[in-house]
Amino acid sequence: MVRRDLSRLRGLFSLAVDATIGGSRAIEKIQVDKARIPFHVLEAVPIIAAPVKVVHVAYDFGVAATHASIRAVAGGVGEVATLVLDTVEQKSAPADGGDGARAPDGP
Amino acid sequence: MRYDLDLAIGVLNGAIGDYLARRKNGLAIEMTLVADGAPISAKQIDAPNGVVAVFVHGLMSTESVWELDDGETYGSMLERDLAIHPLFVRFNSGLHISDNGEALDRLLEEIAGSAHPREILLIGHSLGGLVIRAATHVAAVGGGRAWLPLVKKAIYVGSPHLGAPLERVGNVIHWGLAKVGAAANEPITELVASLISMRSHGVKDLRFGNLTKQDWEDADPDALLQNRRHPVPLLPEIRHHLVAATLSTDPIAAMFLGDALVPVHSASGRAEPHHRSPSFPSEHLHVLPGKNHLQIAHDRQVYDILRSWCAET
């Protein structure tokens, strides 16, 4: 039973990490895509085109760096959680060697 | 607490179970027999009368769906009234119905080999009924199964044999949003479309009631209302019993609403040629007015019908 619970906990952490990474990618795409239109409009004005391009690149870089950090932290937390669960599983292994199925009734 | 957790995991499996299985996530359920919430092996089955009833739950559900308010289940009542030993299956309802059918085929073969029953009754609620049909089809095509000749009756409770309109609506909404999002280059609309598209293979199979691998293989799962079903014949050796429900007692409203999720014509398998499905015989059909889709999995009136069918020789 302990093994099944640990497996589920591992799955929950994994799902949370996947959701964070997937969500971060989706939000990054929206932030970059949404900003593209006003930047393109401003970049069409000759006087301010050059500095706007710099700001645009800086903005895209900032968004990418922020989300890369979020994904790195999420991945790191996931790795640590896996390590902790591996340790707990190893320590609890002698106490619960079964696969979760009940032992047959009998003498 | 554990009961709620198991149910929550069952719901999660129904929603994104194919993803969980693909990622080998520990939350993905593997098909197993359960008793009192814990997995049991086929070797532990004790059916003194030699008759077992295998209960297969529906989408986003667990074996708890069969439980009435007083803690009884159709299984416990059949055991008490007719000495039929109940076996409850728990599985990942987000996988393709055909994949779950293959898993059920293997499980039933294990049961036949370990418990040596003289008769097996198959009872499925909602998607569970389709899994039963997929399993019998796989066994019939594959041949050589010990369990298949033991099955004399299959009972489908609110099973969408001709598909579920709600999933077809989901298909249309996703298709529309994806087209609009791509045409307008609108990232939020595209994101919403991709979130809708994340629903599991099990859910998408309910669009037209896919039963076989050929129904979905090499096909775009999000293609607009594309029925690729291959007709699966009803095995003549098995008596097919059907329970359908209608939310409303008004005949016109009942025709449109069905049991809120499955319309009567789908639950009763009244197929037209375009459904690409055999039509079910109507002599073993019960339509119950004033009941919803989930209710019929744990209802005294439904049990009385089930018991009378199970008692028939």
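Residues numbered from 1 in each chain as written. Chains lettered and ligands numbered in written order. Predicted model: local features only at pLDDT ≥ 70, side-chain atom pairs only at ≥ 80, totals over all residues. Heavy atoms only, no water.

(A) Layout of the overall build of chain A. Check the secondary structure of chain A and you find 2 helices and 0 strands. Evaluated residue by residue, chain A yields a buried proportion of 27% over its 107 residues. Sequence-distant contacts, at least 24 apart, represent 76% of the contacts inside chain A between residues at least 6 apart. For chain A, the exposed area adds up to about 6,900 Å²; of that, 71% sits on carbon and sulfur atoms. (Helix = DSSP H or I, 4+ residues; strand = E, 2+ residues; numbered from the N terminus. Buried < 20%, exposed > 50% of the residue type's maximum accessible area, 1.4 Å probe, protein only. Contact = heavy atoms within 4.5 Å. Areas by Shrake-Rupley, 256 points an atom, 1.4 Å probe, with all protein chains shown as cover.)

(B) How the structure looks around the overall build of chain B. When helices and strands are tallied, chain B shows 10 helices and 8 strands. A compact globule built from 313 residues should have a C-alpha radius of gyration of about 20 Å, and chain B, at 19 Å, falls within 12% of that. C-alpha extents for chain B along the principal axes are approximately 65 × 45 × 40 Å. A burial count over chain B gives 53% of its 313 residues as buried. Counted over contacts in chain B with a minimum sequence separation of 6, partners at least 24 positions apart contribute 76%. Of the roughly 13,200 Å² of accessible surface on chain B, 58% is carried by carbon and sulfur atoms. (Rg over C-alpha atoms; globule rule 2.2 N^0.38 Å.)

(C) Representation of the sheet that holds strand β5 (residues 119–125) of chain B within the structure. All names here are of chain B. Ordered by their spatial adjacency, 8 strands build an open sheet running β2-β1-β4-β3-β5-β6-β7-β8, and the pairing between neighbours is mixed. The two strands at the open ends of the sheet, each matched to only one other strand, are β2 (38–40) and β8 (285–289). Taken over all neighbouring pairs, the strand axes of this sheet differ in orientation by 30° on average, direction set aside. As paired elements, strand β6 (residues 151–157) and strand β7 (residues 239–246) share 5 bridges and run parallel to each other. Looking at β7, one finds that A154 is bridged to H240. (Pairing = 2+ DSSP bridges. Axes fitted to C-alpha atoms, helices over the stretch in contact; angles between N-to-C directions.)

(D) Molecular detail of the confidence of the model for chain A. Of the residues in chain A, 86% reach a pLDDT of 70 or more, and the chain-wide mean stands at 87. Considering only residues more than four positions removed or in separate chains, one finds that residues 97–107 of chain A, a stretch of pLDDT under 50, has 12 contacts. (pLDDT = per-residue confidence, 0-100.)

(E) Fine view of the packing of helix α1 (residues 2–43) of chain A against helix α2 (residues 49–92) of chain A. Residues and elements named next belong to chain A. Where α1 contacts α2, the two axes come as close as 10 Å, and the packing angle between them is 180°. One way to sum up the angle between α1 and α2 is to call them roughly antiparallel. Of the residues belonging to the contact of α1 with α2, the class tally is 22 nonpolar, 10 polar and 11 charged. (Parallel < 35°, antiparallel > 145°, perpendicular 65-115°, else oblique. Nonpolar A, V, L, I, M, F, W, Y, C, P; charged D, E, K, R; others polar.)

(F) Structural view of the nonpolar core. Residue and element names in this part refer to chain B. Within the largest apolar cluster, 42 residues are counted, with the highest numbers of intra-cluster contacts made by V54, V89, L104, I111, I120, L122 and W147. At the level of secondary structure, the elements contributing two or more residues to this core comprise β3 (51–56), β4 (85–90), α3 (97–115), β5, α4 (127–142) and β6. Every residue in contact with W147, bar those within four places of it in the chain, is listed here: D105, L108, E109, A112, I120, L122, A135, T136 and A139. Counting 27 residues, the second-largest nonpolar core is a separate cluster that includes A53, I84, F88 and V243. (Core = buried A, V, L, I, M, F, W, Y, C linked by side-chain atoms within 4.5 Å.)

(G) Region of the structure containing the interface of chain A and chain B. The interface of chain A with chain B comprises 20 residues on the first partner and 25 residues on the second. In this assembly, chain A packs against chain B so that about 1,800 Å² is buried in total across both faces, 54% of it on carbon and sulfur atoms. On inspection of chain A and its partner chain B, the count reaches 4 salt bridges. The partner of R23(B) in a salt bridge is D18(A), with the nearest N and O atoms 2.7 Å apart. (Buried area = accessible area lost by both parts, 1.4 Å probe. Salt bridge = Lys/Arg side-chain N within 4 Å of Asp/Glu carboxyl O.)

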